Amino acid sequence: MKFKIVFLLLLLSVITLAVGYPIYLYSLNARTVSVTGDVRVLGSGQDGWQKLAARRTLRVGDTAKTSDSSGSVFVFGGAANTVVKANKNTEFKVIDKDPPQLELVTGELMAALTRPSVKRSTFTIKTPNGVCGVRGTGWKVASDKDTGTQIEVFEGRVKFGKTPTLYYEDPYIVRSGNALKVKGTGDGDYKYSALLPGEYRMWNRWIKNVSGKLNKMFVYNELTGSEADPYPTFQKGITYASWQSWGYASSESNLSMSKLEEKAGASWVNILVTWYQDDIESTEIRPDLDRTPTDENAAHIIEKARKLGLHVMLTPQLDIKNIETGGWRADIGFADASGWDKWFVSYKEFILYYAKMAEKHDVEILNIGTELSLSTTTRPDKWIKLIAEVRKVYKGRLVYTANWFDEYSEIKFWEYLDYAGISAYFPLTEEEKPSYDTILAGWKKWVEEIDRWQKTHGKPVIFPEIGYRSVEGAAREPWEFLKGGEADLQQQYDCYKAALETFWGKEWFYGMYWWTWRTKASIQGKYDRGYTPNDKPALGLLARWYSRPDPRRRMALATKVIDRFVDLTEKIRKYKEEK
């Protein structure tokens, strides 16, 4: 038995070396990897600054300082397994080593880390405005006495809070692709923004450079497993919806949004705001005083999501107010051109209203419409003009959500958008109680169809809506929200799993938003037959999938090594069986 364990460990090491990534030993102190220019260090208990040399170890109490023409790279081992670069005009102090903690006095530090194996942060950087804690692999923090602290995250997630623990306060979470600027301390001035392509290029250049140096050092690292690609990142999303004017700003909504981030592991949230027209032949679109979230409510929930570190899609959605008259939004249409002209004037006012709100609150994606099939397939010129008007006031990315049934393959204006969206309520079986294999097989023809369609326009595909009720027949008619029947948590679970298994690795697929998470966290559990995954088996499944690395980026080193090891052992097993 002992021989087998040793053999496996040796084999894993050989495989690791074969793929070009050595396994190294750990050190809790900071080891200097490289020095560029004149970098100085003030040792703990020493009187004067000394020149820092490569391979020097920084210990607790030591302070390092770069000039306007120098910089240095350090390695921290132990649980954090961290590489830190001090850019020019930077001064920092080592204030702890287990777990490692630095105090950034001024300047910029860049940090690249393996993902921590425990929930509690294993590496922190303290600034005059607060403390940054690791929840990811690649980030930069800058400190200046006048401008405050700025955190930029290239891969993973970083917490920012008042104390080193970061778990007993209400921290801000900064996710990949975002920056957070902080002035003051405590309840200071916090402002999010999106990273620019040039910042990613800077990050990638450093990663490639430092990886070569680290191959000569003694630290295990997975830096080359991080290939930041913000255009676009994979959207691990959930739709957050309220049909109450006050619902988004309630205390219960705040708790529900926090639970969404914590329990589902989502990195994106699709926030819904709904306006109405009386029937399918009305030309006036307006908010409903009772059912449309007020501007204050909408702004509140956007900022709440941002504070939790979630990326935001905003979906202004149009519904029919008098549903008893028949028809739904896909059937909105007019017998003559004048009717269409009036309707598009009203719809443009509606969308531009929220485009300005989205721009004001740094929303990353604006969804300009949902399932308006007759208008999109018969009046593409009107939509192209609308898109041009939206881009004048909103600088983020645009998507339209087409109906799965009779719309997405017929739209002619995908080239004017950033994403091609589908409301993905595809029927997967005729059975009321299908097996998982039946549900999975039900996706085959739809995937082939989507793949052919995607090749015609080349845009990244996302599902701004996909969902299943926890009820018998959910896979047969996913769109049917009024259907009765017995609760069926397993069928919802299987539907989630089949969709995730089917689309996660598709090269043209960039994310999905599950319908739907409500502002009342009490809507949940085994007796609920609605769409929410809250406190149902599907939630745990979703959290496990959403904890995986971004499928749009290369797999991390550890995953690569394990996969190769598993493949090799499987080949050995098959070889023995054949013998």
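Look up a bit, the structure's there.
Residues numbered from 1 in each chain as written. Predicted model: local features only at pLDDT ≥ 70, side-chain atom pairs only at ≥ 80, totals over all residues. Heavy atoms only, no water.

Trainee: Would you mind going over the overall build of the chain with me for this structure?
Mentor: Across its full length, the chain carries 12 helices and 23 strands. Per-residue burial for the chain yields a buried fraction of 55% across its 579 residues. Counting contacts in the chain only where the partners sit at least 6 residues apart, residues at least 24 apart contribute 67% of the total. Counting every atom, the chain has about 25,700 Å² of accessible surface; 52% of that belongs to carbon and sulfur. (Helix = DSSP H or I, 4+ residues; strand = E, 2+ residues; numbered from the N terminus. Buried < 20%, exposed > 50% of the residue type's maximum accessible area, 1.4 Å probe, protein only. Contact = heavy atoms within 4.5 Å. Areas by Shrake-Rupley, 256 points an atom, 1.4 Å probe, with all protein chains shown as cover.)

Trainee: Looking at this model, I keep getting lost on the pattern of salt bridges. Mind explaining?
Mentor: Where side chains of opposite charge bring their charged atoms close, a pairing between them can arise. All chains considered together, the criterion is met by 21 salt bridges. Residue lysine 140 is joined to glutamate 108 by a salt bridge in which the shortest nitrogen-to-oxygen separation is 3.9 Å. Of this pair, lysine 140 sits in strand S11 (residues 130–144) while glutamate 108 sits in strand S9 (residues 100–113), placing them 32 residues apart in sequence. The residue arginine 175 makes a salt bridge to glutamate 261 at a minimum N-O spacing of 2.8 Å. Here the residue arginine 175 occupies a position in strand S13 (residues 172–175), and glutamate 261 occupies one in helix H3 (residues 251–264), the gap between them amounting to 86 residues. (Salt bridge = Lys/Arg side-chain N within 4 Å of Asp/Glu carboxyl O.)

Trainee: What is the right way to read the nonpolar core from this model?
Mentor: Counting 97 residues, the largest nonpolar core has Trp443 and Trp514 as its most contacted members. Among the elements that take part in this core, helix H5 (residues 337–360) stands out by supplying 11 residues, more than any other. Grouped together as the second largest cluster of nonpolar side chains are 30 residues, Val84, Leu102, Cys132 and Trp139 included. (Core = buried A, V, L, I, M, F, W, Y, C linked by side-chain atoms within 4.5 Å.)

Trainee: Before we go on, may I ask you to explain the sheet that holds strand S16 (residues 235–241) in this structure?
Mentor: The strands that make up a sheet pair up through hydrogen bonds in the backbone, lying either parallel or antiparallel. In spatial order, the strands read S16-S17-S18-S19-S20-S21-S22-S23; together these 8 strands close into a barrel with parallel pairing. Each adjacent strand pair in this sheet contributes to an overall mean axis angle of 25°, direction not counted. In the sheet, S16 pairs with strand S17 (residues 268–277) via 4 bridges, with the strands oriented parallel. Paired with tyrosine 240 across the strands is isoleucine 271, a residue of S17. Each of S16, S17 and strand S23 (509–518) touches H3; the most contacted strand, S16, lies at about 160° to it. (Pairing = 2+ DSSP bridges. Axes fitted to C-alpha atoms, helices over the stretch in contact; angles between N-to-C directions.)

Trainee: Looking at this structure, how should I read the environment of valine 363?
Mentor: Topologically, valine 363 is positioned in the loop between H5 and strand S19 (365–370). Taking the relative accessible area as the measure of exposure, valine 363 reaches 4% and is therefore buried. When the C-alpha atoms of valine 363 and glutamate 303 are compared, they prove to be 9.6 Å apart, with 60 residues separating the residues in sequence. What valine 363 contacts, discounting residues up to four positions off in sequence, is Ile302, Val312, Met313, Leu314, Ala358 and Tyr394.

Trainee: Could you clarify how one ought to interpret the environment of threonine 90 in this entry?
Mentor: On the secondary structure map, threonine 90 appears in the loop between strand S7 (82–86) and strand S8 (91–97). Between the C-alpha atoms of threonine 90 and glutamate 108, which are 18 residues apart in sequence, the distance is 5.9 Å. The residues contacting threonine 90, other than those within four sequence positions of it, are Ala64, Lys65, Thr66, Leu104, Thr106, Gly107, Glu108 and Leu109. Here the side chain of threonine 90 touches glutamate 108 through a polar contact of 2.9 Å, landing on its backbone nitrogen. (Polar contact = N/O pair within 3.5 Å; in protein donor to acceptor, adjacent residues only side chain to side chain.)

Trainee: Where do I start with helix H10 (residues 489–503) in this structure?
Mentor: For an α-helix the count is 3.6 residues per turn, leaving residues at separations of three or four pointing the same way. If you check H10, its first and last C-alpha atoms are 22 Å apart, about what 15 residues at 1.5 Å a residue would give, namely 21 Å. By the criterion of burial, H10 is predominantly enclosed, with 12 of the 15 residues buried. Residues Leu489, Gln491, Gln492, Tyr493, Asp494, Cys495, Tyr496, Ala498, Ala499, Leu500, Thr502 and Phe503 constitute the buried set of H10. Elements that come into contact with the buried residues of H10 comprise helix H8 (436–441), helix H9 (444–457), strand S22 (461–466), S23 and helix H11 (537–546). Its side-chain oxygen 3.3 Å from the backbone nitrogen of glutamine 490, aspartate 488 forms the N-cap of H10. (Expected span 1.5 Å × (residues − 1).)

Trainee: Mind showing me how you'd approach the pairing of strand S21 (residues 419–423) here?
Mentor: Within a regular strand, the side chains alternate between the two sheet faces. Of all 5 residues in S21, 5 are buried; the element is thus mostly enclosed. Here S21 shows a buried face lined by Tyr419, Gly421 and Ser423 and a second buried face lined by Ala420 and Ile422. Here strand S20 (residues 397–403) runs beside S21; their pairing, made up of 5 bridges, is parallel. Among the inter-strand pairings, alanine 402 is bridged to a residue of S21, identified as isoleucine 422.

Trainee: Looking at this model, I keep getting lost on unusual backbone geometry. Mind explaining?
Mentor: Glycine aside, residues mostly have negative phi, and peptide bonds are mostly found in the trans state. In this model, tryptophan 515 is joined to threonine 516 through a cis peptide bond whose omega is -5°. One can find threonine 516 in strand S23. In this structure, glutamate 371 takes a positive phi of about 55° despite not being glycine. With respect to the helices and strands, the residue glutamate 371 is situated in the loop between S19 and helix H6 (373–378). Of note, the phi angle at aspartate 535 is positive, near 55°, even though the residue is not glycine. When you line up the elements, aspartate 535 lands in the loop between S23 and H11. For aspartate 535, a relative accessible area of 40% puts it in the partly exposed group.

What is shown is where atoms sit, not what they do.
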